Amino acid sequence: MTRLWRYLGIGLQNLLKPPKVLASPLHIQVEVTTHCNLKCVMCSHASLMKAPHHMSLAAFTTLCGKVRPHKIALSGIGEPLLNPEFVDMLHYARSQDIAAITTSNLTLISRTKADELVASGLQLLKGSIDSLDPATYRAIRGQDAHHKVVTGLHHLLEAKRQAGTRHPYIRLQFVMQQANFREIPEVVDFCAKQGVDAVYFQPLDPVLAQSADETLSTNLPRDEFHAILLQASKKAAGLHVVSNLPALLRGFD
């Protein structure tokens, strides 16, 4: 009933003129760190974060106690797993019946860390991959860390299998750009082979593209791009890979 009243309050406050806050938000996003271990060419992290820092567990618990959200996304411009208290935050969220999700570049997931994440109650982990080719990955992400991504994903999937749990739901994220869009069908094959829960393909946000490098161009060849999405969508359907490819294809109608 409490959740219902909060939904009603949030809906009502959107109708009021001038706007008034009648209920605390049900879903919030919290940036638990502004540290990052990669140097992605399309990211403004280096120019924005002159003094990166971690959120403390105490600050996190205080925030959750005040807002009491039903879902919390622990993500932002940094890599959440760099925060040494990140897993403790997940356990706290679980103890308060808060569904926690996060986004990770997957480079820091050892087998021990994978076991900790699976045991933490984390509901959804969105993992960035961007290329199956180590050289292309390095060109996009600024570090020779492709092998760490694949290894981290393997650790996480194996930890889930051994624990016999469906969580965290693992959804890979692939940012489409000139350097990698032709890999999309191969990524579908990779996801089917690995057994991830889903894969989403995202266009590169031109606002985030700070480089003049042609590989970052958002002007993908329309006909070829469309054909690749069609091929990948049919493959995903045949392999029972959950994706957003049908939604992307609707943009061509």
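One can find the structure itself at the top, above this paragraph.
Predicted model only: the values in this text are computed from it and were never measured. Think of each chain on its own: its residues are numbered from 1, step by step along the sequence as written. This being a predicted model, a pLDDT of at least 70 is required before a residue's local features are given, and a value of 80 or more before pairs of side-chain atoms are given or counted; all residues contribute to the totals for chains, interfaces and linings. Here the side-chain values reflect all heavy atoms present in the structure, with hydrogen atoms and water set aside.

How do you make sense of the nonpolar core when you look at a structure like this?
Here is a general trend for soluble globular proteins: nonpolar side chains tend to be buried in one another's company. To define a nonpolar core, start from buried Ala, Val, Leu, Ile, Met, Phe, Trp, Tyr and Cys residues and group those joined through side-chain atoms within 4.5 Å. Relative accessible area decides the class of each residue, using a 1.4 Å probe on protein chains only: under 20% of the type maximum gives buried, over 50% gives exposed, and in between gives partly exposed. Ile72, Leu117, Leu172, Ile184 and Phe201 are the most contacted members of the largest nonpolar core, which totals 55 residues. Sequence-distant contacts of phenylalanine 201, that is, excluding residues within four places in its chain, are made with Phe174, Met176, Ile184, Val187, Val188, Asn244, Leu245 and Leu248. Contacts: residue pairs with any heavy atoms within 4.5 Å of one another.

Is there a simple way to think about the packing of aromatic side chains in this case?
Centre-to-centre distance and the angle between the planes together describe a pair of aromatic rings. Centres within 6.5 Å are what make two rings of Phe, Tyr or Trp a pair, Trp counting through its six-membered ring; a difference in plane orientation under 30 degrees is then read as stacked, over 60 as edge-to-face, and the rest as tilted. Tallying each qualifying case throughout the model produces three aromatic pairs. For the pair phenylalanine 60 and tyrosine 92, a centre-to-centre distance of 6.3 Å together with 75° between the ring planes defines the contact as edge-to-face. Of the two residues, phenylalanine 60 is situated in helix H3 (residues 57-67) and tyrosine 92 in helix H4 (residues 86-95); the sequence distance between them amounts to 32 residues. Judged by its relative accessible area of 0%, phenylalanine 60 is buried. Look at tyrosine 92 and you get partly exposed, because its relative accessible area is 21%. Taking 6.0 Å as the distance between ring centres and 85° as the angle between the ring planes, the aromatic pair formed by phenylalanine 181 and phenylalanine 225 counts as edge-to-face. Going along the chain from the N terminus, every DSSP run of H or I of four or more residues is numbered as a helix, and every run of E of two or more is numbered as a strand.

Got a minute to help me understand the sheet that holds strand S5 (residues 169-176) in this structure?
Note on sheets: strands pair through backbone hydrogen bonds, and any given pair is parallel or antiparallel. A pair of strands is labelled paired if DSSP reports no fewer than 2 bridges between them. Read across the open sheet, the seven strands follow the order S1-S2-S3-S4-S5-S6-S7; overall the sheet is parallel. Either end of the sheet is taken by a strand with one partner, and the two such strands are strand S1 (27-30) and strand S7 (242-243). Of the strand pairs in this sheet, strand S2 (residues 71-74) and strand S3 (residues 99-104) are connected by four bridges, and their pairing is parallel. Residue isoleucine 72 lies in a different strand from S3, and its bridge partner there is alanine 100.

Looking at this structure, how should I read the pairing of strand S6 (residues 198-203)?
One ladder, built from six bridges, connects S5 with S6; its direction is parallel. Bridging from a neighbouring strand, arginine 171 pairs with alanine 198 of S6. When the strands point away from the viewer and the path from the first strand over the helix to the second turns clockwise, the crossover is right-handed. Crossover S5 to S6 through helix H8 (residues 184-194) is right-handed. Pairing analysis gives two bridges linking S6 to S7, with the strands arranged parallel. Note that in S7 the partner of alanine 198 across the bridge is valine 242.

I tried to follow the packing of H4 against helix H5 (residues 111-120) on my own but got confused; where do I start?
Each packed pair of helices is defined by two parameters, the angle between the axes and the distance between the axes. Here the axes come from fitting lines to C-alpha atoms, over the contacting stretch only for helices, and the angles between their N-to-C directions go from 0 to 180 degrees. Where H4 meets H5, the closest approach of the two axes is 9 Å, and the angle between their N-to-C directions is 15°. When the interaxial angle is binned, H4 and H5 end up roughly parallel. For the pair H4 and H5, the crossing hand works out as left-handed. On H5, the residues touching Phe86, Val87, Leu90, His91 and Arg94 of H4 are Lys113, Glu116, Leu117, Ala119 and Ser120. In the scheme used here, Gly and all other residues not listed as nonpolar or charged are polar, with Ala, Val, Leu, Ile, Met, Phe, Trp, Tyr, Cys and Pro taken as nonpolar and Asp, Glu, Lys and Arg as charged. Among the residues forming the contact of H4 with H5, the class breakdown is five nonpolar, two polar and three charged. Oblique is the label for every angle not falling under 35 degrees (roughly parallel), over 145 degrees (roughly antiparallel), or within 65 to 115 degrees (roughly perpendicular). In this scheme the crossing of two helices becomes right-handed for a clockwise turn of the near helix relative to the far one and left-handed for an anticlockwise turn of less than a right angle.

Looking at this structure, I do not really get helix H9 (residues 222-239). What am I missing?
Helical geometry note: an α-helix holds 3.6 residues per turn, so side chains three or four residues apart project in the same direction. For H9, built from 18 residues, the straight-helix expectation of 26 Å at 1.5 Å per residue is met to within 8% by its first-to-last C-alpha distance of 25 Å. On its buried side, H9 packs onto S5, H8, S7 and helix H10 (245-250). In the stretch just after H9, histidine 240 is the one whose phi turns positive, near 60°. Here the expected span of a helix is defined as 1.5 Å times the quantity of residues minus one.

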